[in-house]
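Now for the letters of each chain:
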Amino acid sequence: MARRRESCRTRIVATIGPACSSKARLRELVRAGVDVFRLNFSHGTADQHRQYVKDIRSISKELGTGVAILQDLPGPKLRVGAIDGSVARLRTGSKVTLCEGRRTGDAERLFVQTSGALRRVGVGKIVRLADGHIDLKVLSRRDGELLCRVLNGGTLRASQGLHLPGGTAGVRAFTRQDRAHLELGLELGVDAVAISFVRDAEDIRRVWKFTQARGARPFVIAKIERTEAMANLDEILDVCSGVMVARGDLGIELGVESVPLAQKRITRAALRRHRPVITATQMLESMIERPHPTRAEVSDIANAVLEGTDALMLSGETAVGRYPGSAVATLVRVARELEGAPSQSRLVDQRLDPAGGPERPAEATSRAARVAARSVQAEAMVAFTHSGRTVRLVSSQRPQRRLIGVTPNVDTWRRMRFFWGVEPMLVPRSKSVTEMIADAEQRMRENRKVRLGAMVVIVCGESVVSGGTNTMRIHRMGQFTSGRKTSKRTSATKSKSTKAKSTKAKPTKARSANTGSGRS
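To keep things clear, this report deals only with the structure shown in the data block.

The rules we used
- Residues numbered from 1 in each chain as written.
- Predicted model: local features only at pLDDT ≥ 70, side-chain atom pairs only at ≥ 80, totals over all residues.
- Heavy atoms only, no water.
- Salt bridge = Lys/Arg side-chain N within 4 Å of Asp/Glu carboxyl O.
- Helix = DSSP H or I, 4+ residues; strand = E, 2+ residues; numbered from the N terminus.
- Buried < 20%, exposed > 50% of the residue type's maximum accessible area, 1.4 Å probe, protein only.
- Pairing = 2+ DSSP bridges.
- Axes fitted to C-alpha atoms, helices over the stretch in contact; angles between N-to-C directions.
- Contact = heavy atoms within 4.5 Å.
- Core = buried A, V, L, I, M, F, W, Y, C linked by side-chain atoms within 4.5 Å.

**A closer look at the pattern of salt bridges**
Think of it this way: side chains of opposite charge can pair up when their charged atoms draw near. According to the stated counting rule, one finds 25 salt bridges in the structure shown. The partner of Asp249 in a salt bridge is Lys77, and the shortest N-O contact between them spans 2.9 Å. In this pair, Asp249 is assigned in helix 7 (residues 247-254) and Lys77 in the loop between strand 3 (68-72) and strand 4 (78-79), connecting sequence segments 172 residues apart. For the pair formed by Asp249 and Lys77, the shared burial category is buried. Note that Arg109 and Glu145 form a salt bridge whose closest N and O atoms lie 2.8 Å from each other. Here Arg109, found in strand 7 (residues 109-112), pairs with Glu145, found in strand 10 (residues 145-152); they are 36 residues apart in sequence, far enough to count as distant. Taking the relative accessible area as the measure of exposure, Arg109 reaches 33% and is therefore partly exposed. Looking at Glu145, the relative accessible area reads 27%, which means it is partly exposed. If you follow the salt bridges from partner to partner, you end up with Arg57, Asp191, Asp411 and Arg414 in one network.

Printed below as a string of structure tokens:
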């Protein structure tokens with residue numbers, strides 16, 4: 001079986017679009033290092049998204065890797081409509097009229113769907129297009145239309161964002177259109193859903209209620225792109241599965257000069273709460289048209305990695321860019337270079353100290369495992385998980401040792417692709433912890449992940465079913481196969497070890513991959 005090559009420990013998220021819509025190109029991106037494919041539901045049809053999911057699952061099976069799928073909902077974001085030729089070039093100093101409607105526009109007349117929001121924009125106000133790349137000044141209003149002068153021109157693509165002063169004020173994140181999109185996403189079996197323009201924890205709870213009523217529990221990723229979300233960041237992190245630093249709209253809301261500090265704050269807060277964080281928007285914007293990145297872009301990627309982000313996301317670079325494979329390869333190269341730097345470990349260490357007060361047993365066990373792995377110079381850490389929570393906690397400690405996540409659940413196996421540094425491994429369901437460890441050891445030896453006789457640190461619970469993480473074992477590879485059961489163990493509770501038995505149980509799907517309280 002042809003397998004993907006090793007990637008970096010930082011996860012790579014790639015957006016699907018016309019530039020990479022073929023199955024051959026998707027396969028190329030997986031080989032280049034993509035862990036998660038993003039389906040942007042602001043674009044494309046239901047049939048197109050259905051085909052993407054089918055192709056991704058087929059490629060995952062072919063390459064033996066659990067590539068995850070992230071559905072990104074549009075939210076209440078305002079967008080321009082169709083454009084003749086799909087692209088309009090707005091020249092600085094020219095005039096353009098913004099109109100309500102669903103007709104096809106051009107460089108002189110753009111149609112938008114704003115539900116009357118154009119009527120609330122005053123003369124002299126600034127309208128921003130394409131993530132703030134293009135600025136328009138309102139000269140006059142007439143019959144709900146805005147005549148504008150282009151202050152800063154540029155290329156505008158169909159369906160790109162439109163930012164009006166107060167245009168989405170008071171609008172909840174999870175819209176009626178989002179519900180229809182999510183119905184399709186759940187039908188297709190997406191692994192995670194990103195919620196746009198989250199304001200507070202209630203936006204996330206509404207999504208949990210919707211998915212649970214339909215018997216599904218995908219990861220719920222909160223996109224932080226509003227001033228209200230920054231103000232309510234802690235409460236949002238308490239209920240979501242992870243967050244995305246959506247720097248495009250966040251820059252428009254806060255001002256571009258405020259984005260770097262906001263990004264650092266979001267990343268640190270997510271690390272402390274053991275939530276994965278995705279850094280997005282304009283990571284390699286120049287590579288949409290050019291084969292090589294700028295030095296500024298490389299520095300931007302490096303800073304995100306040093307801060308401890310779990311994932312880096314490409315948008316237009318892979319969706320409509322000329323060099324999608326090269327863009328992915330660039331992220332991988334830069335991330336690899338930084339992940340091995342001593343400075344990364346020190347910087348992340350500073351963000352891993354408990355926020356204060358006693359830790360929960362699962363968090364304390366994961367922290368202790370990281371220290372133990374370093375102390376005994378373990379070759380790897382192995383986290384056993386049913387829902388994904390255990391491996392998420394260990395990943396959030398940013399261990400410098402190899403981290404292998406072991407699960408019998410197919411859903412969890414794929415969702416581990418959102419967690420920094422985890423190598424997912426799918427194993428049969430076991431009847432005991434000892435049997436589970438023996439099965440994983442055999443699989444690791446078959447795949448040559450860890451040497452025979454090497455020391456590994458194991459993190460798990462005392463029960464093989466979903467439960468609390470409370471056990472750390474220092475284990476030497478080959479102990480079970482040689483008939484010895486002498487693993488050193490640190491545990492909140494004691495249990496008797498039994499001889500490993502073979503099992504023919506097949507991998508099963510996770511029945512509880514997440515909950516409304518934010519556990520994952």
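**A look at the sheet that holds strand 15 (residues 242-246)**
Pairing is parallel in the closed barrel, where 8 strands are placed in the order 1-2-3-13-14-15-16-17. Looking at each pair of strands side by side, their axes are set apart by 25° on average, direction ignored. Two strands pair when backbone bridges link them, and strand 1 (residues 11-15) and strand 2 (residues 36-40) are joined in this way by 3 bridges, in the parallel orientation. Note that in strand 2 the partner of Val13 across the bridge is Val36. Packed on one face of the sheet, helix 7 meets strand 14 (219-224), strand 15 and strand 16 (277-280) and runs near 65° to strand 15.

**A word on the sheet that holds strand 12 (residues 161-163)**
As summarised here, the arrangement of the 7 strands in space is 4-12-8-9-10-6-7, forming an open sheet in which the pairing is mixed. A strand with exactly one partner marks an edge of an open sheet, and here the two such strands are strand 4 and strand 7. With 7 bridges joining them, strand 9 (residues 134-142) and strand 10 adopt antiparallel strand pairing. Among the inter-strand pairings, Arg142 is bridged to a residue of strand 10, identified as Glu145.

**Description of the nonpolar core**
Core analysis: the biggest nonpolar cluster contains 40 residues, and Ile16, Phe37, Ile301 and Val328 have the highest contact counts within it. Looking at this core, the elements with two or more residues in it are strand 1, helix 1 (23-32), strand 2, helix 2 (46-63), helix 3 (176-188), helix 9 (295-307), strand 17 (311-314) and helix 11 (324-339). The contact partners of Val328, leaving out residues within four places of it in the chain, are Ile12, Leu29, Ala32, Gly33, Val34, Leu314 and Thr318. Residues Leu182, Phe210, Ala229 and Met230 belong to the second largest nonpolar core, which totals 32 residues.

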